[in-house]
Structures are given as structure tokens and as C-alpha cells.
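Descriptive analysis of the structure
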Amino acid sequence: MRSGSSELLLEQQQQELRLRKLRELAPKKKNGNRRFRSWRERARFYATSTLAFFSVTAGASLLFLVPLYVDPAISTLSHDFIENPTLCTTSRREDLVGIFNCSWSSCREGCTSDLYKCVHIYVTFIEDNITIPENMTDYTNYTADWTQSDEATLLVNIKGCGYPPTVTCKTFNAFYGVEGAIYPCYYSRKNKTVVLTSYSHDDQVHVIVHFFAVPFVITVISSIALCIMHCDCRCKKDRSHRRNRPQCRRPRIDNLR
């Protein structure tokens, strides 16, 4: 009986040891060690997330807005087009095929694809300052008394390309590509061989402000705010030269004699 009871005690002790080891090896509950964030830490976290979102979004948008909108607007302003429209007359139209014949086009949909078909529209315009009467639709008799300029190229915009629905080349070529058609236009003072069908100085300035200045300012401000929040931007004096400065001592003279 004693041997049987001793065996039972040993088995119970072994089971208790096994249970203790299992409890030690078992993963502890996360809820017990969870640390609650203060309102300052939460505000810092959400502020960082918001600033990072604005910084990345505004910076990435510049990669698309600058070549599509900002660069054409700056190029348009640099050509110095007239602000008051004059009258243009389509002198001829050429429909060409082939990549070597289509180095440019009066209008094309898409600014990155290669040209295999293109339309060249040539016009003449009145160089003198004129005032076009409002609500005038027939300009034939009005242009007869004015001297026409040399031939120039007509473009839908300064790049000669765009994307629907802003640029629709089928409608553009059907209206402006008819020989003898007369319509208001704008020519460049710096290069009188470039003519546009529409131009507004204020619209080009608004494009630059909205599509470049605003995203750029947002990117800079948010980046500076993130630097202030998470980096030590204070200027510290460099005192390392003092530590590494060699000690200059006068030589000791033990005996002057």
C-alpha cells in the first residue's frame, strides 16, 4: 500500500511540474501587457499620418501635372501671344502619312504616341491691330481691306496635342482645315509662324498656380512639419575642435644655468 501511494504522489508531482512548464511556455495574453496611448501620442500619430499623406500625394502629383499642364502653360506664356484676337484665313491643308512626314501636326490626340497620320493647316493673318465686332459671323468682307501676313502654322495649342474631351481633332480639322475659312486667332509676337485658335493669359497663369504652386507649397510645408516633429533640427555648435585641440605648453626649464 505504501509503495502504491508513493507512486501516486510521484505521478501527481510530475503532472504538476508538466503543468507549470506548459504555463511558462504558453504565450502570454497581449491584453495584460497592452499599453494605452495618451492623447498626445494619438494626436502625434494622426498628425504624422496626415502630413505624410499630403506630402506624398502632392509630390507625386507634380510628376504628372508638370509635363501635362505646367510645361505647356509656361511655353505658351514665353511665346508672348497677342491678347486681342485677329482674323486668320486658312490658306491650305495637307494630310500626310508616314513617320518622317509627320514631325508635327496641327492637332493630335495624345502627346506621347508616334505620329503616322497628321494634318498640317497653314493660315495667313492680319498683323495690324484690329477690333473684331461682336456677334459677327461672316468675316469675308471684313478681311478684304486688310493686308495678310506670310504663311504660318495653325496649332490647337502650343504643343499641338491634347486629350479628349478638351482636344477633339476631328472637329478641329473639320472646322479650321477648310481652305478659305476665316476665324479669330492669336499669333506669337516672338515667332509669327505659330498661331493658336484660343489663348488667355489669365488662364495660363491660373494653370501654373493651381497645378504647380499649390502642390509644391503643400509638399514643402508638410515635409518641414514632419522634420520638426521627428527630427532634431536645432543647430548645435561643434565643440569637437576644442577637445581635439593640442595642448601647447611651454617647455620646462629646470636649470637655467
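The protein appears in an unreviewed UniProt entry as Protein tipE from Stomoxys calcitrans.

Some words on the state of the cysteines
Within the structure shown, the criterion is met by 4 disulfides. Sulfur-sulfur distance for the disulfide between C88 and C185 comes to 1.7 Å. Disulfide C88-C185: torsion about the S-S bond near 80 degrees, hence right-handed. With C88 in strand β1 (residues 86–97) and C185 in strand β4 (residues 182–187), the pair connects residues that are 97 residues apart, well separated along the chain. In this structure C88 comes out as buried when scored by relative accessible area, which is 0%. Residue class for C185 comes out buried when judged on its relative accessible area of 0%. The disulfide bridge from C111 ends at C161, spanning 2.1 Å between sulfur atoms. Across the disulfide from C111 to C161, rotation about the S-S bond amounts to roughly 110 degrees, and the bridge is consequently right-handed. Here C111, found in the loop between β1 and β2 (117–125), pairs with C161, found in the loop between β3 (152–155) and α5 (169–176); they are 50 residues apart in sequence, far enough to count as distant. A relative accessible area of 30% places C111 in the partly exposed class.

A few points about the pairing of β3
Direction of pairing for β2 relative to β3: antiparallel, over a ladder of 2 bridges. Directly across from V123, in β3, lies its bridge partner A152.

Topic: the packing of aromatic side chains
Enumeration over the complete set of coordinates arrives at 12 aromatic pairs. The interplanar angle of 85 degrees and the centroid separation of 4.7 Å between the aromatic rings of F175 and Y176 together place this pair among those described as edge-to-face. Judged by its relative accessible area of 17%, Y176 falls in the buried class. On the basis of an interplanar angle of 15 degrees and a centroid distance of 5.7 Å, the ring pair of F212 and F216 is categorised as stacked. With a gap of 4 residues between them, F212 and F216 both fall in helix α6 (residues 201–230), about one helical turn apart. Taking the relative accessible area as the measure of exposure, F216 reaches 43% and is therefore partly exposed. Here the aromatic cluster, defined as three or more aromatic residues joined through ring pairs, consists of F172, F175, Y176 and Y183. Across the ring face of Y122, the terminal group of R92 is positioned such that the distance to the ring centre comes to 3.9 Å.

Examining α5
Along α5, the positions that sit buried rather than exposed are C169, F172, N173 and Y176. For α5, the buried positions fall inside an angular range of 90 degrees around the axis, keeping them on one side. Away from its buried face, by an angle of more than 90 degrees, α5 presents the exposed residues K170, T171 and A174. Buried residues along α5 sit against β1, β2, β3 and β4.

Details of the sheet that holds β2
Spatial ordering of the closed barrel is given by β1-β2-β3-β5-β4, a layout of 5 strands whose pairing is mixed. If you compare each strand with its neighbour and ignore which way they point, the axes differ by 55 degrees on average. Strand direction decides the pairing type here: β1 and β4, joined by 4 bridges, are antiparallel. For T89, the partnering residue across the bridge sits in β4 and is I182. Sitting on the sheet, α5 is in contact with β1, β2, β3 and β4, with an inclination near 40 degrees to β2.

Brief notes about the environment of N101
Relative to the assigned elements, N101 resides in the loop between β1 and β2. Excluding residues within four positions of it along the chain, N101 makes contact with L96, C118 and H120. One polar contact links the side chain of N101 to the main-chain carbonyl oxygen of V97, over a distance of 3.1 Å.

Brief notes about the UniProt feature "transmembrane region" (unreviewed entry) in the protein
Taking the UniProt record as the reference, the feature "transmembrane region" (unreviewed entry) is found at residues 45–70 and 207–229. Between the first and last C-alpha atoms of residues 45–70 the distance is 34 Å; the span itself is 100% helix and 0% strand. The distance separating the terminal C-alpha atoms of residues 207–229 is 33 Å; by composition the span is 100% helix and 0% strand.

Details of the layout of surface pockets
Taken as a whole, the largest pocket holds about 910 Å³ of empty space. For the largest pocket, the lining is made up of 33 residues, of which N157, C161, G162, T166 and V167 are closest to its centre. Those elements that provide at least two residues to the lining of the largest pocket are α3 (39–78), α5 and α6. Take the lining of the largest pocket: its biggest share by element is 7 residues, from α3. The class makeup of the residues in the lining of the largest pocket is 19 nonpolar, 11 polar and 3 charged. Residue-level mapping places the lining of the largest pocket at the junction of two domains, with at least three residues from each of domain 1 (44–81 + 202–232) and domain 2 (82–198).

The rules behind each value
Residues numbered from 1 in each chain as written. Predicted model: local features only at pLDDT ≥ 70, side-chain atom pairs only at ≥ 80, totals over all residues. Heavy atoms only, no water. Disulfide = S-S within 2.5 Å. Helix = DSSP H or I, 4+ residues; strand = E, 2+ residues; numbered from the N terminus. Buried < 20%, exposed > 50% of the residue type's maximum accessible area, 1.4 Å probe, protein only. Pairing = 2+ DSSP bridges. Phe/Tyr/Trp six-rings, centres within 6.5 Å; stacked < 30°, edge-to-face > 60°. Lys NZ or Arg CZ within 6 Å of the ring centre and 35° of its normal. Arc of directions from axis to C-beta. Contact = heavy atoms within 4.5 Å. Axes fitted to C-alpha atoms, helices over the stretch in contact; angles between N-to-C directions. Polar contact = N/O pair within 3.5 Å; in protein donor to acceptor, adjacent residues only side chain to side chain. UniProt positions renumbered as here; feature names shortened; annotations may be inferred. 1 Å grid on protein atoms, 1.4 Å probe; cavity = no way out; pocket = protein on both sides within 12 Å on 5 of 7 lines; lining within 4 Å. Points joined across faces, edges and corners; volume = space filled by probe spheres on them. Nonpolar A, V, L, I, M, F, W, Y, C, P; charged D, E, K, R; others polar. Domains from an automatic or database assignment.

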